[in-house]
Every structure is written in structure tokens, then in C-alpha cells.
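# Tertiary structure, described
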Amino acid sequence: METKDNASGAWRPNELAAARQQINQIDDQIVKLLAQRFDAVTKVNEAKQSADLPVMDQGREDQVLDRVTNKDPNPETHVYMRQIFETIMKNSRDYQTHLTNTDSNH
Ligand SMILES: C=C(O[C@@H]1C=C(C(=O)O)C=C[C@H]1O)C(=O)O
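Residues numbered from 1 in each chain as written. Predicted model: local features only at pLDDT ≥ 70, side-chain atom pairs only at ≥ 80, totals over all residues. Heavy atoms only, no water.

### A look at the packing of helix α2 (residues 58-71) against helix α3 (residues 78-102)
Across the interface, α2 lies against α3 with an axial gap of 9 Å and an inter-helix angle of 145 degrees. Between α2 and α3 lies a crossing whose hand is right-handed. Residue-level contacts link Glu61, Val64, Leu65, Asp66, Val68 and Thr69 of α2 to His78, Met81, Arg82, Phe85, Glu86, Met89 and Arg93 of α3. (Axes fitted to C-alpha atoms, helices over the stretch in contact; angles between N-to-C directions. Helix = DSSP H or I, 4+ residues; strand = E, 2+ residues; numbered from the N terminus. Left-handed = near helix turned anticlockwise from the far one by under 90°. Contact = heavy atoms within 4.5 Å.)

Rendered as C-alpha cells:
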């Protein structure tokens, strides 16, 4: 992606549109991957329900946060990556609670 291009250093409108287009494409991939993650979460939830384990597993969440943060190549965004995954896992837990509450077997 090109950076600033005109004399004042501002982005030109077509560059802004192109960058937003790139963001749209990335967002599409993120949604697909998150849908797959939620699907995997349903399987974890079923296993935990059968074993009578709680939804929250702080040790596992700490592991996930360390793992994904270390995969981020930009150290400046580690803090934001961590917050994003904290939010993803909070929603994963909320989804599991919803699944358990709407489970026809209980
Ligand atoms: C999915 C799980 O349930 C919760 C959500 C997690 C996640 O979304 O990664 C991790 C740990 C648990 O607090 C799990 O136990 O693996």
C-alpha cells in the first residue's frame, strides 16, 4: 500500500478508498475465521458440559493471550492484540453460557 502522496503529505481520496477496501477484505476474512472459532467453541463447550467443567478457564485464557501476542510481529500493537483477544474470549464465554441456557437437554 502506498503512503502519503501529495505535497502536503495528506492521503488522496483514492488512496483512502483503497485502504478501506483492503480493510473490508481483511474484515471479511476475520468474520469467516471468527465464525470457525465460534464453531470450535461449541465443541469445547459440549466436552466441558459432559465433564461438568466450568465455562471459564483462566489458565487456558492466559495461554491463549501469551500465544497470540507473541505471534504479532509488531511489538507496538501487542497491547491491542491482547485486548482484542480478551474481548474474543469474553464473547466466547458469553456464547457458551447462551448455548448452555438454550440447550434442549437440560
Ligand atoms: C473455549 C473455552 O472456554 C473459555 C473460552 C476460551 C476461548 O475462547 O479461547 C478459553 C478458555 C475458557 O475461558 C475453553 O475452555 O477452551
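### Concerning the side chain of Glu61
As for its position among the elements, Glu61 is in helix α2. Setting aside residues up to four positions removed in sequence, Glu61 forms contacts with Met56, Met89 and Arg93.

### A word on α2
With 14 residues, α2 should reach 20 Å at 1.5 Å per residue; the first-to-last C-alpha distance of 20 Å fits that figure. All buried positions along α2 are accounted for by Glu61, Val64, Leu65, Val68 and Thr69. Taken end-on, α2 shows its buried residues confined to a sector of 120 degrees, consistent with a single buried face. In α2, those exposed residues whose orientation departs by more than 90 degrees from the buried face are Gln63, Arg67, Asn70 and Lys71. In this structure, the buried side of α2 is in contact with α1 (13-50) and α3. Its side-chain oxygen at 3.3 Å from the backbone nitrogen of Gly59, Asp57 defines the N-terminal cap of α2. (Expected span 1.5 Å × (residues − 1). Buried < 20%, exposed > 50% of the residue type's maximum accessible area, 1.4 Å probe, protein only. Arc of directions from axis to C-beta. Polar contact = N/O pair within 3.5 Å; in protein donor to acceptor, adjacent residues only side chain to side chain.)

### Overview of the site of the ligand
Close to the ligand lie Arg37, Val44, Lys48, Val55, Met56, Asp57, Arg60, Glu61, Met89, Ser92, Arg93 and Gln96, which account for all nearby residues. For the ligand, an oxygen atom lies 2.9 Å from a polar atom in the backbone of Asp57. Here the ligand loses 92% of its free accessible area of 360 Å² to cover by the protein chains. Those elements that place two or more of their residues in the shell around the ligand are α1, α2 and α3. Broken down by element, the shell around the ligand gets its largest block of residues, four residues, from α3. Residues belonging to the shell around the ligand are distributed by class as follows: four nonpolar, two polar and six charged. (Near = heavy atom within 4 Å. Areas by Shrake-Rupley, 256 points an atom, 1.4 Å probe, with all protein chains shown as cover. Nonpolar A, V, L, I, M, F, W, Y, C, P; charged D, E, K, R; others polar.)

### Brief notes about the UniProt feature "domain: Chorismate mutase" (unreviewed entry) in the protein
Residues annotated in UniProt with the feature "domain: Chorismate mutase" (unreviewed entry) correspond here to residues 10-100. Overall, residues 10-100 shows 82% helix and 0% strand. The separation of its end C-alpha atoms is 51 Å. (UniProt positions renumbered as here; feature names shortened; annotations may be inferred.)

### Re the packing of α1 against α3
Orientation of α1 relative to α3, taken along the N-to-C sense of each, is 55 degrees, at an axis distance of 10 Å. The orientation of α1 with respect to α3, classified from their angle, is oblique. Two packed elements cross with a definite hand, and for α1 against α3 that hand is right-handed. Taken together, the residues of α3 that come into contact with α1 (itself represented by Leu34, Arg37, Phe38, Val41, Thr42, Asn45, Lys48 and Gln49) are Ile88, Met89, Asn91, Ser92, Tyr95, Gln96, Leu99 and Thr100. When its residues are assigned to classes, the contact of α1 with α3 shows seven nonpolar, seven polar and two charged. (Parallel < 35°, antiparallel > 145°, perpendicular 65-115°, else oblique.)

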